[in-house]
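The residues making up each chain are set out below.
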Amino acid sequence: MAERSLLVLFGSQTGTAQDTAERIGREAKRRHLRCRVEALDSCDLANLIHEPLVVFVCATTGQGDPPDNMKVFWRFLFRKSLPAGSLCQLDYAVLGLGDSSYPKFNFVAKKLHKRLLQLGGNPLLPAALGDDQHDLGPDAVVDPWLVALWDKILALYPLPPGLEIIGPDVRLPPKYTLHYLPEDSPPPSSDLLQPTAPQAAPCELHPFAARVLSNQRVTAQCHFQDVRLIEFDIAGSGITFSAGDVVMVQPQNCPEDVQQFCQLLRLEPHRRFVLEPTEPGTPLPPLLPQPCTVQYLVTHYLDISCVPRRSFFELLASFSTNELEREKLQEFSSAQGQEELYSYCNRPRRTTLEALWDFPHTTCAIPADYLLDLIPRIRPRAFSIASSMLARPERMQILVAVVRYKTRLSKPRRGLCSTWLASLSPEQGDARVPLWVKKGGMKFPADPATPVIMIGPGTGVAPFRAAIQERVALGWRGNCLFFGCRYKSKDFYCQTEWEELVTKGLLTLFTAFSRDQEEKVYVQHRIRENGRLVWELLSSGNAHVYLAG
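Residues numbered from 1 in each chain as written. Predicted model: local features only at pLDDT ≥ 70, side-chain atom pairs only at ≥ 80, totals over all residues. Heavy atoms only, no water.

Visitor: Would you take a moment to explain the environment of Ala 543 for this structure?
Guide: As for its placement among the helices and strands, Ala 543 is situated in the loop between helix H17 (531–539) and strand S21 (544–547). Residue classification places Ala 543 among the buried positions, given a relative accessible area of 11%. Residues Ala 543 and Asp 44, spaced 499 residues apart in sequence, show a C-alpha to C-alpha distance of 43 Å. In this structure Ala 543 touches Thr 450, Pro 451, Ile 453, Leu 537 and Leu 538, once residues within four positions along its chain are discounted. (Helix = DSSP H or I, 4+ residues; strand = E, 2+ residues; numbered from the N terminus. Buried < 20%, exposed > 50% of the residue type's maximum accessible area, 1.4 Å probe, protein only. Contact = heavy atoms within 4.5 Å.)

This is how it looks when you write it as structure tokens:
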């Protein structure tokens, strides 16, 4: 009989596709299938031709783009040299996650399904197209599609004699077991984040610990929004970047939240442990040192401030010994309870930590082994680089709006990364931020004669500051910026810098301060007022237009 094994490959930007892929992995284990769940770019593409059964779960980002962790796979799959029948032994299914308010709805899933078909693959089902806009979210499509998928798979690979599907009342083993080390064992020799020069350019698995040189508020104290211009020292990092590039920052949880979490789960922050995969061949989580302290795990790895997903409540319900709490958790993890879950979690942006507070009897019963199954890892955040290496070598600046807003919950919601960055003060010691650079989607013209029209309201001006610094350093003219904010006196970022360049004739600047007069004025009004100039730059100057917001 054919080996009963399934490969689940995901392309995920925000974690939803990964969460769904892991759900399929759990459902496969309940059906006694050997199953691996991997990011598309982590899988060995040459081996794809030997895989009999693959489920692809992929999100669509931006304007129909594949997520970052499937870009290598995407390029490989669309190579002209791939022979037409190369995947003829592959049974596959494609599950897409998208948002129908975008014109290229689930573009990646549709294109992937079509390409696999071209290469000779055999689809088990039509592609599923999950939609964020649906009242029940993507699950409205995903749930029934998975029922049909398992029917197909079990018809091809029936359960071995004597085995039954493991029911939902039985908890699956954790991905890793956590072995505490004796309290008197020697501490680890070094910290994970070495500020030394890496062998290659820093990346997600090897970030550079950049020192914060300055952290300056660029909005008036009386303004409702706190915006920071933060400068990092990247000397010796091997990092290079140009205008339009993006810096990825790996944030961490605040000490109060870490302390609360450890108290709630009765964890000892300074205890050290090693992780052991339950199934041989499962890689250890990257970026976690071995051995590791509980404090390090909760501070740097577990995303206790994210809004929990349905899978969180499903696993949490299995630990519950309290009948009332268990009933509520089961409702949140059922298909019928999704609207209820949405109003409990998503609408008020309730965090994982706050949800754990609401289920105290269950929370103190969570086995430490399941922490990495229950809570996803903290994802890196992307910021447009707001400076040029030509103007400031060995330095990098970003413009950060500190995220803070109210929902119906009494405590204001705070952005994890922006709040942490704003709290770093170089005056109070050595503040370091793990970061690496990614190519951005904006490419500025290489021809000095090509004028550039940049429209950057608010912090959207960040990549244009990098571009203007770069172009001015090269002595290039034809720089036209439309900038908008609320008040000239409160949130006109980099005002003196722009005004100096205007005086020197290196920049044409149009500003829109929306609240400085009775009727609101925005950048589009300034563009319309200066339509003749804009048209001239476009028609005879062949100008490039950029918009960021």
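This is not the end of the story, as more comes after the structure.
Visitor: Teacher, can you tell me more about the domain arrangement of the protein here?
Guide: Interfaces are often described in size by the accessible area the parts lose on coming together. Here the domain parsing of the protein yields domain 1 (5–156), domain 2 (208–251 + 380–438), domain 3 (255–374) and domain 4 (452–547). Taking only C-alpha atoms into account, the centre of domain 2 sits 23 Å from that of domain 4. Facing 20 residues of domain 2, the contacting portion of domain 4 comprises 17 residues. Interface area for domain 2 against domain 4, summed over the two sides, is near 1,600 Å², with a carbon-plus-sulfur share of 67%. Joining domain 2 to domain 4, the criterion identifies zero salt bridges. For the side of domain 2 that touches domain 4, the elements supplying multiple residues, two or more each, are strand S9 (227–233) and strand S14 (395–401). Among the elements that line the side of domain 2 that touches domain 4, the one with the most residues is S14, at three residues. Across the side of domain 2 that touches domain 4, the residue classes tally to 13 nonpolar, seven polar and no charged. (Domains from an automatic or database assignment. Buried area = accessible area lost by both parts, 1.4 Å probe. Salt bridge = Lys/Arg side-chain N within 4 Å of Asp/Glu carboxyl O. Nonpolar A, V, L, I, M, F, W, Y, C, P; charged D, E, K, R; others polar.)

Visitor: Mind showing me how you'd approach the UniProt feature "domain: FAD-binding FR-type" (unreviewed entry) in the protein here?
Guide: Cross-referencing UniProt, the feature "domain: FAD-binding FR-type" (unreviewed entry) maps to residues 205–445 in the present numbering. A distance of 32 Å separates the end C-alpha atoms of residues 205–445, which is 29% helix and 21% strand. (UniProt positions renumbered as here; feature names shortened; annotations may be inferred.)

Visitor: Where do I start with the sheet that holds S21 in this structure?
Guide: The strands making up a sheet are joined through hydrogen bonds of the backbone, oriented either antiparallel or parallel. Taken together, four strands build an open sheet; the order of strands is S20-S19-S18-S21 and the sheet is parallel. The sheet is open, and its two borders are formed by strand S20 (508–513) and S21, each paired with just one other strand. Averaged over all neighbouring strand pairs, the angle between strand axes comes to 10°, with direction disregarded. Bridging between strand S18 (residues 452–455) and S21 involves four bridges; their strand directions are parallel. Its bridge partner lying in S21, Val 452 is registered against His 544. Relative to the sheet, H17 contacts S18, strand S19 (479–485), S20 and S21, its axis offset from that of S18 by approximately 135°. (Pairing = 2+ DSSP bridges. Axes fitted to C-alpha atoms, helices over the stretch in contact; angles between N-to-C directions.)

Visitor: What is the right way to look at unusual backbone geometry in this model?
Guide: If a residue is not glycine, its phi is most likely negative; likewise, a peptide bond is most likely trans. In this chain, Gln 290 is followed by Pro 291 through a cis amide linkage whose omega measures -5°. Assignment of secondary structure puts Pro 291 in the loop between strand S11 (272–277) and strand S12 (292–293). Look at Arg 349: it is not a glycine, yet its phi comes out positive at around 55°. With respect to the helices, strands and loops of the structure, Arg 349 is situated in the loop between helix H9 (338–346) and helix H10 (352–358). Judged by relative accessible area, which is 36%, Arg 349 ranks as partly exposed. Residue Cys 494 is not a glycine yet carries a positive backbone phi of 60°. Mapped onto the secondary structure, Cys 494 falls in the loop between S19 and helix H15 (495–503).

Visitor: Just to check I follow, could you spell out the pairing of S14 for this structure?
Guide: A regular strand places its side chains on the two faces of the sheet in alternate fashion. S14 sits mainly inside the fold: five of its seven residues count as buried. Of the pairings in the sheet, the one linking S9 to S14 comprises seven bridges and is antiparallel in character. Bridge assignment links Leu 229 to a residue of S14, and that residue is Leu 399.

Visitor: Would you explain the pattern of salt bridges in this entry?
Guide: One side chain can pair with another of opposite charge once the charged atoms of both are near each other. Inspection of every chain in the model, using the stated rule, returns 26 salt bridges. Among the ionic pairs, Glu 331 bridges to Lys 328, the shortest N-O distance being 3.3 Å. With Glu 331 and Lys 328 both in helix H8 (residues 323–332), this residue pair falls three residues apart, about one helical turn. Residues joined by salt bridges that share partners form a network here, namely Arg 23, Glu 27, Asp 139, Asp 143 and Arg 310.

Visitor: I keep staring at a positive patch on the surface and nothing clicks. Help me out?
Guide: There is a patch of like positive charges on the surface, built from Arg 404, Lys 406, Lys 411 and Arg 414. Relative to the helices and strands, Lys 411 resides in the loop between strand S15 (404–405) and strand S16 (413–414). (Patch = residues over 30% accessible without salt bridge, like charges linked within 9 Å, V, L, I, M, F, W, Y side chains within 5 Å. Areas by Shrake-Rupley, 256 points an atom, 1.4 Å probe, with all protein chains shown as cover. Lys, Arg positive; Asp, Glu negative; His and termini not counted. Charge placed at Lys NZ, Arg CZ, Asp CG, Glu CD.)

Visitor: Teacher, can you tell me more about the packing of aromatic side chains here?
Guide: To describe a pair of aromatic rings, one takes the distance between the centres and the angle between the planes. Taken as a whole and judged by the stated rule, the model has twelve aromatic pairs. Ring geometry for Phe 312 against Phe 313: centres 5.0 Å apart, planes inclined by 90°, an arrangement best described as edge-to-face. Judged by relative accessible area, Phe 313 falls into the buried class, the value being 0%. Between the aromatic rings of Phe 332 and Tyr 344, the centroid separation amounts to 4.9 Å while the plane-to-plane angle is 20°, which identifies the pairing as stacked. (Phe/Tyr/Trp six-rings, centres within 6.5 Å; stacked < 30°, edge-to-face > 60°.)

Visitor: Looking at this structure, I do not really get the UniProt feature "domain: Flavodoxin-like" (unreviewed entry) in the protein. What am I missing?
Guide: Following the UniProt record, the feature "domain: Flavodoxin-like" (unreviewed entry) maps to residues 6–150 here. Within the segment residues 6–150, helix and strand shares are 32% and 23% respectively, and the terminal C-alpha atoms sit 11 Å apart.

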